[in-house]
Amino acid sequence: MKATGIVRRIDELGRVVIPMEIRRTMKIREGDPLEIFTDSNGELILRKYSPMESVEGYAVFLADSIAETIETGVIICDKDVIVAVSNLPKKEYIGQNITAELEQAIENRKTVLNVSEDKLVKIKFDDNAYRSQVIAPILAAGDTYGAIILVSKDRALSDIELKVATSAANYLGKQLT
């Protein structure tokens, strides 16, 4: 654990304000759920909650199944990090933060097929270029939770991959409700 040197008091309703600098650094936005942990040393730990963790097993299985079927790279992310990968180097992707550009694409709630290099959305900060990609947001109960992303370096993806990604995103969305 890293000390920040910031001390806050609890108000009469039991609330504590998390400083803006920490919220910005940790990508915690208004309305984001936080998980509360305690340990045997009396420490209190707050962690940003991701419902995608509850379906991570499904996500890994789904990524592998899609990659085998349509022979593309498959990335599944929540709104902060990449949680599952297939047909791509796992060490380079799993646990990596997604870009603000991808986060915005998820928030737009529309499945997109990008086949021209000038429209490709950078997935992670040190991303390699792809020839084409499909981004299908995962929606559940009206909220966005992440995305299924298909990528290809050697061929242009088509409406078939768009439909596969949309179906997979719908499946994971139903697992979250």
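Going by the structure above, here's the rest.
Residues numbered from 1 in each chain as written. Predicted model: local features only at pLDDT ≥ 70, side-chain atom pairs only at ≥ 80, totals over all residues. Heavy atoms only, no water.

Caption draft 1: Seen up close, the overall build of the chain. Secondary structure summary: the chain contains five helices and seven strands in total. Its helices and strands in sequence order give the chain the pattern α-β-β-α-β-β-α-α-β-β-β-α, from N to C terminus. With the C-alpha coordinates of the chain rotated into their principal frame, the extents come out at 60 × 30 × 30 Å. When burial is assessed residue by residue, the chain has 38% of its 177 residues classed as buried. Relative to all contacts within the chain whose residues are 6 or more apart in sequence, the contacts with residues 24 or more apart total 49%. Just so you have it, the chain exposes about 11,000 Å², and 52% of that area is on carbon and sulfur atoms. (Helix = DSSP H or I, 4+ residues; strand = E, 2+ residues; numbered from the N terminus. Buried < 20%, exposed > 50% of the residue type's maximum accessible area, 1.4 Å probe, protein only. Contact = heavy atoms within 4.5 Å. Areas by Shrake-Rupley, 256 points an atom, 1.4 Å probe, with all protein chains shown as cover.)

Caption draft 2: A look at the nonpolar core. Met52, Ile66, Ile76, Ile138, Ile148, Leu150 and Leu172 are the most contacted members of the largest nonpolar core, which totals 24 residues. Contributing elements (two or more residues each) for this core: helix H2 (56-70), strand E3 (73-78), strand E4 (82-86), strand E6 (132-140), strand E7 (143-152) and helix H5 (159-176). With six residues, the top contributor of residues to this core is H2. Every residue in contact with isoleucine 66, bar those within four places of it in the chain, is listed here: Glu71, Val74, Ile148, Leu150, Val164 and Ala168. (Core = buried A, V, L, I, M, F, W, Y, C linked by side-chain atoms within 4.5 Å.)

Caption draft 3: Main features of the packing of aromatic side chains. Applying the stated rule across the entire model yields one aromatic pair. The residue whose ring lies beneath lysine 124 is tyrosine 93, and the NZ or CZ to ring-centre distance is 4.8 Å. (Phe/Tyr/Trp six-rings, centres within 6.5 Å; stacked < 30°, edge-to-face > 60°. Lys NZ or Arg CZ within 6 Å of the ring centre and 35° of its normal.)

Caption draft 4: Spatial organisation of the pattern of salt bridges. For the structure on display, the rule yields six salt bridges. For glutamate 103, the salt bridge goes to arginine 29, with nearest N and O atoms at 3.0 Å. Here glutamate 103 is found in helix H4 (residues 100-107), whereas its partner arginine 29 is found in the loop between helix H1 (20-25) and strand E1 (34-38), with 74 residues between them in sequence. A relative accessible area of 31% means that arginine 29 is categorised as partly exposed. Notably, a salt bridge pairs lysine 79 with glutamate 107, separated by 3.1 Å at the nearest N-O pair. Within this pair, whereas lysine 79 is found in the loop between E3 and E4, its partner glutamate 107 is found in helix H4, the two being separated by 28 residues in sequence. Taking relative accessible area as the criterion, glutamate 107 reaches 32% and is therefore assigned partly exposed. (Salt bridge = Lys/Arg side-chain N within 4 Å of Asp/Glu carboxyl O.)

Caption draft 5: Main features of the environment of arginine 131. Looking at where arginine 131 falls in the secondary structure, it is placed in the loop between strand E5 (112-114) and E6. Counting along the chain gives 21 residues from arginine 131 to serine 152, while the straight-line C-alpha distance between them is 5.8 Å. With residues up to four places along the chain from it excluded, the contact list for arginine 131 reads Asn114, Val115, Leu120, Ser152, Lys153, Asp154, Arg155 and Ala156.

Caption draft 6: Summary view of H2. Helix length check: H2 (15 residues) gives 21 Å between terminal C-alpha atoms against 21 Å at 1.5 Å per residue, within 8%. Listed in full, the buried residues belonging to H2 are Ala59, Leu62, Ala63, Ile66, Ala67 and Ile70. Down the axis of H2, the smallest arc covering the buried residues is 130°, so these residues share one side. Residues of H2 that are exposed and point over 90 degrees away from its buried face: Gly57, Phe61, Glu68 and Thr69. Where the residues of H2 are buried, they touch E3, E4, E7 and H5. Looking at the residues trailing H2, positive phi occurs at glutamate 71, about 50°. (Expected span 1.5 Å × (residues − 1). Arc of directions from axis to C-beta.)

Caption draft 7: The arrangement of the pairing of E4 in detail. With five of five residues buried, E4 is to be regarded as a mostly interior element. Note: E3 against E4, four bridges, orientation antiparallel. The residue of E4 that forms the bridge with isoleucine 75 is valine 85. As consecutive antiparallel partners, E3 and E4 are separated by three residues. (Pairing = 2+ DSSP bridges.)

Taken by themselves, the reported measurements are silent on function.
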